[in-house]
Amino acid sequence: MPVSPPVPRLPSLNALRAFEAAARLGGFAQAAEELHVTPGAVAAQIKSLEDDIGAPLFARHARGVRLTPLGQRALPGFVAAFDLLGESIRDLRRDAAPRKIHIAALPALAQLWLAPRLSALRQQLPGIDISVTAMEVPPNLKRVPFDLCLFYREDPPEGGIRVSGDELLPVCVPELARTLKSPQDLKAVTCLTDTAWATDWQSWAQEALPGEAFAPIGPVFSLYALALNEALNGVGVLMAHRSLVSRYLASGALIAPFDIPVPLKAGICLWRLPGGQGGEVAGKVMAALQQGI
C-alpha cells in the first residue's frame, strides 16, 4: 500500500519577512516602518514564527529586543535570500516591460529638478516610459521595484554618479530684493524655511554673517515646493538650493539679493544597483541626465 506522508509546512513568508527586517534593522518599530505595518503586527508575525520553529529568535527586554544566538546565525541567510528575491522580482518586471523606468527621488528634486527635464529626456530616449515616485529617504534597490535613485548625498554610492554640486543662497522677488542692502537686513524680514533643510539658514549665515547671531523668523514648510511658491508670491526670502531655483533666477522671477553663495557638501546624486544592474534603459537615463539635458 503506498504511503503518502504529509509534506512539512513552510513558515509564513510574511513571518519570515518580519523576522529578517527586524533582525537587520535592529527592532520591531524599524521593521514596521519599512514594511508599512504596525510594530504590533511585526511582533505577532515573529511570535508566530518562533512558535512554529519552537525556539526564540529575539530576547525581549525593557529597552527593546536583541537577537538570540539562533537569530544571529539565521540572519545572514535570510538577508541574502530576500535580497535575491527582490532582485528577481525587479528583473522579472524589467524583462516584462523593458522600456519602463521607475525613478525614486527626493520630493524637491522630483518636482523642481527632474520634472523640468522629463520632456527633453523623452525626446532623447523615445519610447521610454518614465515613472517617478517622490520619497524622503532613498529606498533599498535590492528590495523595491525602482530602477534609479535621485537624492542629495555627499558621495554617490557604488553604481552611482554625482550629477552636479549645489549651493545655498537667499532668493526673493525683485520688489523685496530692492529693500535688502546687506545680509543684516534679513533679520527684519520674513524668512521661509523648509523643515527638511532647517539648518540651511544657519549654514549660510555662518559664512555671510560671521560672528553674528542669526535666527530666521517666518513660516516653516514641510514641502520645499510650498516654500518656493510663497517666495514667488513675495511673502518672504527663501534659503534656496541653486539647482532647484535656477530657472526662476534665469527668468528673473526670483533674484539673489546678495552675491554670497555657500557650497553644499552634498550634491545631486543618481544611482542604480552596482555592476550595471537595472538594465540598459537605466544606464541610458543616467547618461542623459549626467550630460545635462
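These numbers were taken from a predicted model, which means no experiment stands behind them.

Residue placement: Glu 212 occurs in the loop between helix H7 (200-208) and strand E9 (220-221). The partly exposed category is assigned to Glu 212, whose relative accessible area is 33%. Once the C-alpha coordinates of Glu 212 and Asp 129 are considered, the two residues, 83 residues apart in sequence, prove to be 51 Å apart. When sequence neighbours within four positions are dropped, the list of residues in contact with Glu 212 reads Gln 184 and Lys 187.

Side chains Cys 191 and Thr 193 of strand E8 (residues 191-194) all project onto a buried face; the interleaved residues Leu 192 and Asp 194 project onto the opposite face, where all are buried too. Note: E8 against strand E10 (residues 237-241), two bridges, orientation parallel. Each bridged residue has a counterpart across the sheet, and for Leu 192 the counterpart in E10 is Leu 238. Tracing the backbone out of E8, into H7 and back to the parallel element E9 gives a crossover that is right-handed.

For the rest of this paragraph, the subject is the sheet that holds strand E7 (residues 167-171). A sheet is described by the order of its strands in space; here five strands give the open sequence E9-E8-E10-E7-E11, paired in mixed fashion. Sheet topology places E9 and strand E11 (262-263) at the edges, where each strand pairs with a single neighbour. Two elements, E8 and E9, share two bridges in a ladder whose sense is parallel. What sits directly across from Asp 194, in E9, is Phe 221. Sheet strands in contact with H7 are E7, E8, E10 and E11, and its direction is about 90° off that of E10. Against the sheet, helix H8 (residues 224-232) contacts E8, E9 and E10, and its axis sits at roughly 130° relative to E10.

What follows covers a nonpolar patch on the surface. On the surface, Leu 13, Leu 85 and Ile 89 cluster together into a nonpolar patch covering about 240 Å² of accessible area. Examined against the element boundaries, Ile 89 turns out to sit in helix H4 (residues 69-96). Overall, Ile 89 belongs to the partly exposed group, its relative accessible area being 39%.

Time to look at unusual backbone geometry. A positive phi angle, near 60°, is found at His 36, a position not held by glycine. Within the secondary structure, His 36 is located in the loop between helix H2 (28-35) and helix H3 (39-53). On the accessibility criterion, His 36 (73% relative accessible area) is exposed.

Right, let's get into the packing of aromatic side chains. A full pass over the atoms with the stated rule returns eight aromatic pairs. Pairing Trp 197 with Tyr 224 gives two aromatic rings, centres 5.2 Å apart and planes at 70°, and the pair type is edge-to-face. Taken together, the residues Trp 197 in the loop between E8 and H7 and Tyr 224 in helix H8 connect sequence positions 27 residues apart. The pair formed by Trp 197 and Tyr 224 is uniform in burial state, with each residue classed as buried.

With that settled, consider the nonpolar core. Trp 113, Leu 150, Leu 186, Tyr 224, Leu 238, Leu 244 and Val 285 are the most contacted members of the largest nonpolar core, which totals 72 residues. For this core, the leading source of residues is helix H5 (residues 107-124), giving eight residues. Those residues in contact with Leu 244, other than ones at most four positions away along the chain, are Ala 108, Leu 109, Leu 112, Trp 113, Tyr 152, Trp 197, Tyr 224 and Leu 228. Residues Leu 16, Ala 21, Ala 31 and Leu 75 belong to the second largest nonpolar core, which totals 19 residues.

Bridge count for strand E1 (residues 58-61) against strand E2 (residues 64-67) is four bridges, and the pairing is antiparallel. The residue of E2 that forms the bridge with His 61 is Gly 64. Two successive antiparallel strands, E1 and E2, enclose a turn made up of two residues.

Turning our attention to the packing of H5 against helix H10 (residues 279-290). Following both chains from N to C, one finds H5 and H10 inclined at 115°, their axes separated by 11 Å at the closest point. In this structure, H5 meets H10 at a crossing whose hand is right-handed. Residues Trp 113, Leu 114, Arg 117, Leu 121 and Gln 124 of H5 touch H10, and the partners they reach there are Val 285, Ala 288 and Leu 289. For the contact of H5 with H10, the per-class residue count stands at six nonpolar, one polar and one charged.

A few words on the state of the cysteines. Counting across every chain of the model gives zero disulfides. Cys 191 provides the cysteine sulfur closest to Cys 172, a residue in no disulfide bond, and the two sulfurs are 10 Å apart. Under the relative-accessibility criterion, Cys 172 is labelled buried at 0%. Of the cysteine sulfurs around Cys 269, a residue in no disulfide, the closest is that of Cys 149, at 11 Å. Judged by its relative accessible area of 0%, Cys 269 is buried.

So, how was this worked out
- Residues numbered from 1 in each chain as written.
- Predicted model: local features only at pLDDT ≥ 70, side-chain atom pairs only at ≥ 80, totals over all residues.
- Heavy atoms only, no water.
- Helix = DSSP H or I, 4+ residues; strand = E, 2+ residues; numbered from the N terminus.
- Buried < 20%, exposed > 50% of the residue type's maximum accessible area, 1.4 Å probe, protein only.
- Contact = heavy atoms within 4.5 Å.
- Pairing = 2+ DSSP bridges.
- Right-handed = clockwise from strand over helix to strand, strands pointing away.
- Axes fitted to C-alpha atoms, helices over the stretch in contact; angles between N-to-C directions.
- Patch = residues over 30% accessible without salt bridge, like charges linked within 9 Å, V, L, I, M, F, W, Y side chains within 5 Å.
- Areas by Shrake-Rupley, 256 points an atom, 1.4 Å probe, with all protein chains shown as cover.
- Salt bridge = Lys/Arg side-chain N within 4 Å of Asp/Glu carboxyl O.
- Phe/Tyr/Trp six-rings, centres within 6.5 Å; stacked < 30°, edge-to-face > 60°.
- Core = buried A, V, L, I, M, F, W, Y, C linked by side-chain atoms within 4.5 Å.
- Left-handed = near helix turned anticlockwise from the far one by under 90°.
- Nonpolar A, V, L, I, M, F, W, Y, C, P; charged D, E, K, R; others polar.
- Disulfide = S-S within 2.5 Å.

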